[in-house]
Amino acid sequence: MNNTNQKKYLVVTWGCQMNEHDSEKIEGILESLGYISTSDKEEADLIIYNTCLVRENAELKVYGNLGELKRIKRENPNLIIAVCGCMMQKEDVRKVIKEKYSHVDIIFGTHNIHKLPELIEDHDQKMNMLVDVWNDSKEIIEDLPTKRKYDFKAFINIMYGCNNFCTYCIVPYTRGREKSREPKDILKEAKRLSEQGYKEITLLGQNVNSYGKNLEEKVSFAELLYMLNDVEGIERIRFMTSHPKDLSEDLIDEMTNCDKVCNHLHLPFQSGSDRILKKMNRKYTKRQYLTLVDKIRKAIPDIAITTDIIVGFPGETEEDFEDTIEVVKHSKFDSAFTFLYSIREGTPAAKDKDQIPDDIKHTRFNRLLEVLKEISLERNKNLIGKEVKVLVEEISKNDSTKLSGRTDTNKLIHFEGNESLIGSIVNVKVNTAKTWTLEGEIIE
Ligand code: 5AD
Ligand code: SF4
């Protein structure tokens, strides 16, 4: 086929792994329609922005990028611009797009990605801005074509939505109520991936520990892991995100029993203060979280635990913040995602009068980072001299003479080696530890 006649698409993604995986499906759908990918906005026939609403800066970036497309659309009036993802689930955002970004052609949401072919066709006929956003959906659409970013590791959705309504979080409003995929469908996808040569799967859900609760035939997350552990060819199983309130003894047992389940747990604690945790609607206390961490470390001594922390939630005092630091010091996280609290209109915490001034938020954020850095470095230094199994992922971004990959504990490690090793699992001896990365050498 003559490629020059084929229409070209560009999908740009902001936000979490859930969004990244949605974009893989969007790209799969577009390629099944005959589109080919391009990284050049100027030559694209279709540009899709998959947006994130979790914090204000993600939202602002999307508006900035949309503004830039005005000129490109002027120069190429046939270009179709579509925006989708979490931002589009909010009516006030759609209103802004309609009023200020009238060069956008199609708006769709998180629940109707599978409708993309119809939306493009409808738009081609009507040529005016098309808006199709669903508030929620009970249906799970199986077997969407997917263009995966890698050919050795893959995301698998095991559930969609969230029922937790943490008071700072917009996700339950953009992703709808929790619904789990049937285990047979998840297993089918894992088996197909293994047949295609995939070695690692990452199970995705906002709260994987409550997997299976709404299925007719109830299956727990621990049971699902057990089933997946039997899929031949798959060598590593990862999952995220775990909510501390739902993490069961069974899961800890399964993690020790299932040899393929990686020694890594992402366990967001958000705040160390009981008062703030209550205001956040997290449903656990500092003590309960610390006890859980102790239990996990006792059962799986070499596990890496990572977390999410919010600084400056409304009403957070110096004392509350010190509780957060205490949890960090006690838990010895391998790494953490730290966030400044960001007001999300429509969530309960946004209405709180007791918002924390930016300068205090920033000072606390930097203090927290210092503590985290010291602990990460200490954790990484413990690995010096040890041999670790690494899935080789790519040529190192900062040094083209090196390869980079991930340990079982999800640490990024750089080492010398042949490009042909990408996609395979190798043994690496750790020689140097930095705060965020390791360096090593391949051993036979
Ligand atoms: N402000 C700051 N961080 C937030 N998160 C979610 N909502 C907000 C918000 N309004 C963080 C939480 C969550 C992660 C994905 O994003 O820490 O675990
Ligand atoms: Fe947001 Fe809480 Fe649901 Fe996570 S568990 S997506 S933080 S509401």
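Quick caveat, the model's predicted, so the values are computed rather than measured.

**Quick look at the site of ligand 1**
Lining the immediate surroundings of ligand 1 are Val 54, Arg 55, Tyr 168, Gln 270, Asp 308, Ile 310, Phe 339, Leu 340, Tyr 341, Ser 342 and Arg 344. Between ligand 1 and Arg 55 there is a distance of 2.9 Å, counted from an oxygen atom to a side-chain nitrogen or oxygen. Between Gln 270 and ligand 1, the recorded distance is 2.6 Å, taken from a side-chain N or O atom to an oxygen atom. Within the complex, 85% of the 410 Å² of free accessible area of ligand 1 lies under protein. Elements that contribute at least two residues to the shell around ligand 1 include exactly strand 13 (304-311) and strand 14 (335-340). Here the shell around ligand 1 is built from residues that sort into six nonpolar, two polar and three charged.

**Considering unusual backbone geometry**
Cis geometry marks the peptide bond from Met 240 to Thr 241; its omega dihedral reads 10°. Along the polypeptide, Thr 241 turns up in the loop between strand 11 (236-240) and helix 8 (249-257). In this structure, Lys 283 is a non-glycine residue whose phi angle is positive, near 70°. As for its position among the elements, Lys 283 is in the loop between helix 9 (274-280) and helix 10 (286-299). Judged by its relative accessible area of 55%, Lys 283 falls in the exposed class. Positive phi, normally seen in glycine, also occurs at Asn 410, with a value near 70°. Summarising the element assignment, Asn 410 is placed in the loop between strand 16 (402-407) and strand 17 (412-416).

**Quick word on the nonpolar core**
With 55 residues, the main nonpolar core has Leu 203, Phe 221, Leu 228 and Phe 239 as its most contacted residues. If we skip the residues at most four places from it in the chain, Leu 228 touches Ile 186, Leu 187, Ala 190, Ile 201, Leu 203 and Ile 237. Counting 25 residues, the second largest nonpolar core, distinct from the first, contains Trp 14, Val 62, Tyr 63 and Val 93.

**As for the packing of aromatic side chains**
Summed over the entire model, instances satisfying the criterion amount to 11 aromatic pairs. Aromatic side chains Tyr 150 and Phe 152 sit 5.3 Å apart centroid to centroid with 55° between the ring planes, which places their arrangement in the tilted category. Like Tyr 150, the residue Phe 152 is buried in the burial classification. Here Tyr 289 and Phe 333 contribute two aromatic rings whose centre-to-centre distance is 6.4 Å and whose plane-to-plane angle is 50°, an arrangement assigned as tilted. With a gap of 44 residues between them, Tyr 289 in helix 10 and Phe 333 in the loop between helix 11 (318-331) and strand 14 connect regions that are remote in the sequence. Both residues of the pair, Tyr 289 and Phe 333, belong to the buried class. Each residue in the set Phe 269, Tyr 284, Tyr 289 and Phe 333 is aromatic and connected to the rest through ring pairs, giving one cluster. Positioned over the ring face of Tyr 101 is Lys 70, at 5.5 Å from the centre of the ring. Sitting over the ring of Tyr 150, Lys 153 keeps its end group 4.7 Å from the ring centre.

Thresholds applied
Residues numbered from 1 in each chain as written. Chains lettered and ligands numbered in written order. Predicted model: local features only at pLDDT ≥ 70, side-chain atom pairs only at ≥ 80, totals over all residues. Heavy atoms only, no water. Near = heavy atom within 4 Å. Polar contact = N/O pair within 3.5 Å; in protein donor to acceptor, adjacent residues only side chain to side chain. Areas by Shrake-Rupley, 256 points an atom, 1.4 Å probe, with all protein chains shown as cover. Helix = DSSP H or I, 4+ residues; strand = E, 2+ residues; numbered from the N terminus. Nonpolar A, V, L, I, M, F, W, Y, C, P; charged D, E, K, R; others polar. Buried < 20%, exposed > 50% of the residue type's maximum accessible area, 1.4 Å probe, protein only. Core = buried A, V, L, I, M, F, W, Y, C linked by side-chain atoms within 4.5 Å. Contact = heavy atoms within 4.5 Å. Phe/Tyr/Trp six-rings, centres within 6.5 Å; stacked < 30°, edge-to-face > 60°. Lys NZ or Arg CZ within 6 Å of the ring centre and 35° of its normal.

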